[in-house]
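# Observations on chain architecture
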Amino acid sequence: MSLVTIILAGGSLLVLAFIFSYVLCWANHAFHVEVDPRVEAICEALPGANCGGCGCVGCGEYAEAIVNNGMAVNCCAPGGAGVAEAIAQIMGVEVSASAPTRPVVHCGATADLRLNKGDYLGEPTCAAAANMAGVQACQYGCLGLGDCVRACNYDAISIKDGLAAVDYEQCVGCGACVRACPRNIISMVSFSSDQMYVVTCSNKESGPAVKAVCKSGCIGCKACTKKSDLCVMEGNLAAIDYENYGPEKLEDMAAAAEKCPTDSIQIRG
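To continue, consider the packing of helix α2 (residues 37-45) against helix α4 (residues 80-91). For the pair α2 and α4, interaxial distance at closest approach is 10 Å and the crossing angle is 165°. With respect to their mutual orientation, α2 and α4 come out roughly antiparallel. Every pair of crossing elements has a handedness; the one defined by α2 and α4 is right-handed. Here Arg38, Ala41, Ile42 and Ala45 of α2 come into contact with α4, specifically with Val83, Ala86, Ile87, Ile90 and Met91. Counted by class, the contact of α2 with α4 contains eight nonpolar, no polar and one charged residues.

Written out as structure tokens, the structure is:
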């Protein structure tokens, strides 16, 4: 290869390098999107768990929602009050007081309380078992195969005697277990006190049908509603009105729980 060819090749590469550099600089300037510095500051304040508990895909999207859409600053359950206060300072607002939300398992049937249990030999996940017939006679009960356990990044939920149980000292309220449960028997409840009464059943069938499959299911007798106005019926299933839940109602709720013939109103926390 002659010296002239080498020089021409090198010169061509140099010219191309200049052209591409110019194009990249122009594109960077032309398509640059100005990022509010508060978004970056909030991202740094957030724990980076990307758990989705706030309703956003990740911490970055939550930061943008706060700055651009006025989303509340106290939606990060893993970060808690400290992160909420840090974000409030960045945004120049005050943190509104709110009770933490925690998951509750609406099933109280441990293995010994379930009737007509089937033998499941398939893939050991709740998602797989939920699609199979005959796994459990009760189609609303906890499957106990641990999808919620695997979804939790905080070791706050475990399977005890075939039933999911929440460790509230470890729980940050991210809601990952709620999203993981294929039977939708875990829900988020606003814990206005350290301990809350919950209905530990999700079976919506009639009383005789519930009795046929479980010893601890709600039979729709309405006894609880006669003791507390917080207890309401959703079809055949008892539920608790948490919007009106307060300390002044606890004595009545205790009476309602005591009156329940199947012990399906229990304290969690």
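Having seen it, we continue.
This part takes up the environment of Ala239. Secondary-structure assignment places Ala239 in strand β7 (residues 237-240). Sequence spacing of Ala239 and Cys218 is 21 residues, and the spatial spacing of their C-alpha atoms is 9.9 Å.

What follows is about the packing of aromatic side chains. This model, assessed by the stated rule, comprises two aromatic pairs. An angle of 40° between the planes, with centres 5.3 Å apart, marks the rings of Tyr168 and Phe191 as tilted. Residue Tyr168 is located in the loop between β3 (163-166) and α7 (176-180), and its partner Phe191 is located in the loop between β4 (186-190) and β5 (196-199); the two are separated by 23 residues in the primary sequence. By the burial criterion, Tyr168 is buried, and Phe191 matches it.

This part covers the side chain of Asn203. Position of Asn203 relative to the elements: it lies in the loop between β5 and α8 (207-211). Take Asn203: its relative accessible area is 4%, and that puts it in the buried class. Within the local environment of Asn203, its side chain forms a polar contact with the backbone nitrogen of Glu205, the two atoms lying 2.9 Å apart. Excluding residues that lie within four positions of it along the chain, Asn203 makes contacts with Cys138, Tyr140, Val210, Val213 and Leu237.

Right, let's get into α4. Given a rise of 1.5 Å per residue, 12 residues ought to cover 16 Å, and the 17 Å separating the end C-alpha atoms of α4 matches this to within 8%. Those residues of α4 that sit buried are Val83, Ala84, Ile87, Ala88 and Met91. Angularly, the buried residues of α4 cover 140° about the axis, an arc narrow enough to put them on a single face. Turned more than 90 degrees away from the buried face of α4, the exposed residues are Ala81, Gly82 and Gln89. Where α4 is buried, its residues touch α2 and α3 (59-69). Once α4 finishes, Gly92 follows within two positions and takes phi at roughly 70°, a positive value.

The next subject is a nonpolar patch on the surface. On the surface, Leu13, Val15, Leu16, Ile19, Phe20, Tyr22 and Val23 cluster together into a nonpolar patch covering about 730 Å² of accessible area. Relative to the elements of secondary structure, Leu16 occurs in helix α1 (residues 3-30).

It is worth spelling out the nonpolar core at this point. In terms of nonpolar packing, the biggest core is built from 40 residues, with Ile157, Ile186 and Ile265 touching the most fellow members. Within the residue set of this core, elements represented by two or more residues are β1 (101-105), β3, β4, β5, β7 and α9 (250-259). Apart from the residues lying within four places of it in its own chain, the contact partners of Ile157 are Cys148, Val149, Cys152, Ala164, Ala165, Val166, Cys177 and Ile186. In this structure, Val39, Cys59, Ala65 and Met91 belong to the second largest nonpolar core, which totals 17 residues.

On to the state of the cysteines, then. Throughout the structure, instances matching the rule amount to zero disulfides. Cys59 carries a free sulfur, and the closest cysteine sulfur to it, the one in Cys76, is 6.0 Å from it. The structure places no disulfide on Cys231, whose sulfur is separated from the nearest cysteine sulfur, that of Cys224, by 4.1 Å.

Charged atoms that come close allow side chains of opposite charge to pair. Summed over all chains, the structure comprises three salt bridges. A salt bridge links Asp147 to Arg150, with the nearest nitrogen and oxygen atoms 2.7 Å apart. Within this pair, Asp147 and its partner Arg150 are both found in helix α6 (residues 147-151), separated by three residues, close to a single helical turn. Here Asp147 falls in the buried class, since its relative accessible area comes to 12%. Put simply, Lys249 and Asp229 hold a salt bridge, and the shortest N to O gap is 3.1 Å. Separated by 20 residues along the polypeptide, Lys249 in the loop between β7 and α9 and Asp229 in the loop between α8 and β6 (231-234) bring together distant segments of the chain. In this structure Asp229 comes out as exposed when scored by relative accessible area, which is 53%.

Definitions and cut-offs
- Residues numbered from 1 in each chain as written.
- Predicted model: local features only at pLDDT ≥ 70, side-chain atom pairs only at ≥ 80, totals over all residues.
- Heavy atoms only, no water.
- Axes fitted to C-alpha atoms, helices over the stretch in contact; angles between N-to-C directions.
- Helix = DSSP H or I, 4+ residues; strand = E, 2+ residues; numbered from the N terminus.
- Parallel < 35°, antiparallel > 145°, perpendicular 65-115°, else oblique.
- Left-handed = near helix turned anticlockwise from the far one by under 90°.
- Contact = heavy atoms within 4.5 Å.
- Nonpolar A, V, L, I, M, F, W, Y, C, P; charged D, E, K, R; others polar.
- Phe/Tyr/Trp six-rings, centres within 6.5 Å; stacked < 30°, edge-to-face > 60°.
- Buried < 20%, exposed > 50% of the residue type's maximum accessible area, 1.4 Å probe, protein only.
- Polar contact = N/O pair within 3.5 Å; in protein donor to acceptor, adjacent residues only side chain to side chain.
- Expected span 1.5 Å × (residues − 1).
- Arc of directions from axis to C-beta.
- Patch = residues over 30% accessible without salt bridge, like charges linked within 9 Å, V, L, I, M, F, W, Y side chains within 5 Å.
- Areas by Shrake-Rupley, 256 points an atom, 1.4 Å probe, with all protein chains shown as cover.
- Salt bridge = Lys/Arg side-chain N within 4 Å of Asp/Glu carboxyl O.
- Core = buried A, V, L, I, M, F, W, Y, C linked by side-chain atoms within 4.5 Å.
- Disulfide = S-S within 2.5 Å.

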